[in-house]
Amino acid sequence: MNEKIIRMPDSIDKSSAHNYILKLDGLTVLENFILSPEKLKGRIFLEDHVLLFVLSGTYKIYYGNQTISVKKNQMVLLKKSIAIEYEKMATSESNNVIEYWMFFIDDDLLMNFAKESNIKMKSSNQIEPIKIQSINDRLLSYLESLRSYFNDEKSINNNLIKLKLLELLYDLEAKDESLIQQMLNQRPSANINITSIIEANLFLPVTLSDLAYLSGRSLSSFKRDFYAIYNMAPSKWIREQRISKAKELLNRTSNSITDICFAIGFESLSHFSRVFKEITGYTPISYRQREIIE
C-alpha cells in the first residue's frame, strides 16, 4: 500500500490531541507526544530544514540508502526538499511513550542569524558530515521553556517566536558551531545535473521550486535548462511521465486507484483523475476496465 507523502510543515495535522504546534509567519515548531506500544510509520516531504530532538523512544529515518536512528536525548539535522520514510517506536524504558520535537528552520531565519552573529560560511569541503548528536542540559532547558507557548499561541507575538528560535540557534552554536555551518551550507551547489535530480524525484510530490532548489538553480534557470534537455516545459513533461507510469500500473497491477495516485507523486485523487483524463481521454477506472475488456 502506498501512503500519501505529507508535505511538512504546511500539512502538519493539528487535529491530533498529541500534536502541539507553533506556526507563525512560516516559522513552525512541532512537539509530538504519543502513547503507543506499536511502531508508527509514514512518509514525509521536508519543505524546510528540520532539527529533530527525541526525548523519549526512538525515531528511525530512512533516506535513500541511509538509516538514521535517533534515540532518547539525541538530535539530528535533516536537510530541506527531501522525502523520508520514518518509523517511530517506544522503548522498554519509555513506558510506551514517544516524544519528539521538530523545528522547521527557513533560510531567512538562518541568514539573519548568520548576519547578527557574524558567522562566516565555510566551503562545503570544510564542513563535518551530518551526524547524530546528544542533547545537553542547556538544550533540554530550552525545550522546557517553550512548552508554555503552545497553550496560548494566539496571544504570542510573532517576533517573540523568532527570538526564541534565534535563541535555539545561539545555543546550538555554543554546543557545536559545525552544526550551524551544516545548516548554512545545506543549499546544493550550482549546476547539479538536472537529469539525476528528475530521476530521483519524479514520483515524489515535489514542486518545480523544490526541483530548482535541489539542482542549485533559480526557478527561471531551472526551467530554461530543463527545456534545453527535454525540449518541453518541466510541468508538462513531469505530468506526462507520471501519467505514463500510472497507465503501466493500471495495466500490470491490481493496486487501487488511490495507491497509484500516491505512488506517482499526486497528492489529490481528484487532481490525478482530472489530469489522467485530460491526457488519455479516460478516467483511471474506465482505463483499467477498458484493458480488462480488450
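Q: Give me the overall build of the chain: which residues, what numbers.
A: Check the secondary structure of the chain and you find 11 helices and 11 strands. For the chain, the residues scored as buried account for 47% of the 294 residues in total. Taking as baseline every contact in the chain between residues at least 6 positions apart, the subset at least 24 positions apart corresponds to 72%. Taken as a whole, the chain presents about 15,100 Å² of accessible surface, with 47% of it coming from carbon and sulfur.

Q: I'd like a rundown of the pairing of strand 8 (residues 74-78), residues and numbers included.
A: Of all five residues in strand 8, four are buried, a share of seventy percent or more. Both strand 5 (residues 49-56) and strand 8 contribute to a ladder of five bridges, which runs antiparallel. Directly across from Val54, in strand 8, lies its bridge partner Gln74. In the sheet, strand 8 pairs with strand 11 (residues 133-134) via two bridges, with the strands oriented antiparallel. What sits directly across from Gln74, in strand 11, is Ser134.

Q: Give me the nonpolar core: which residues, what numbers.
A: Within the largest apolar cluster, 34 residues are counted, with the highest numbers of intra-cluster contacts made by Leu51, Phe53, Trp101, Phe103, Leu169 and Leu172. Going through the elements one at a time, strand 3 (27-35), strand 5, strand 8, strand 10 (97-105), helix 1 (107-116), helix 2 (137-146), helix 3 (158-175) and helix 4 (177-184) are the ones with two or more residues in this core. The greatest single-element share of this core, amounting to six residues, is contributed by helix 3. Setting aside residues up to four positions removed in sequence, Trp101 forms contacts with Val29, Leu30, Glu31, Leu51, Leu52, Phe53, Leu55, Leu143, Leu146, Arg147 and Phe150. Formed by 23 residues, the second largest nonpolar core is a distinct cluster that contains Ile12, Ile21, Ile34 and Ile98.

Q: Before we move on, could you go through the pattern of salt bridges and cite the residues and values that matter?
A: In this structure the tally under the stated criterion is 11 salt bridges. Here Glu31 and Arg147 are joined by a salt bridge, their closest N and O atoms 2.4 Å apart. Of this pair, Glu31 sits in strand 3 while Arg147 sits in the loop between helix 2 and helix 3, and the two are 116 residues apart along the sequence. Glu31 sits in the buried class, given a relative accessible area of 5%. A salt bridge links Glu248 to Arg252; its shortest N-O distance comes to 4.0 Å.

What counts, and at which threshold
Residues numbered from 1 in each chain as written. Predicted model: local features only at pLDDT ≥ 70, side-chain atom pairs only at ≥ 80, totals over all residues. Heavy atoms only, no water. Helix = DSSP H or I, 4+ residues; strand = E, 2+ residues; numbered from the N terminus. Buried < 20%, exposed > 50% of the residue type's maximum accessible area, 1.4 Å probe, protein only. Contact = heavy atoms within 4.5 Å. Areas by Shrake-Rupley, 256 points an atom, 1.4 Å probe, with all protein chains shown as cover. Pairing = 2+ DSSP bridges. Core = buried A, V, L, I, M, F, W, Y, C linked by side-chain atoms within 4.5 Å. Salt bridge = Lys/Arg side-chain N within 4 Å of Asp/Glu carboxyl O.

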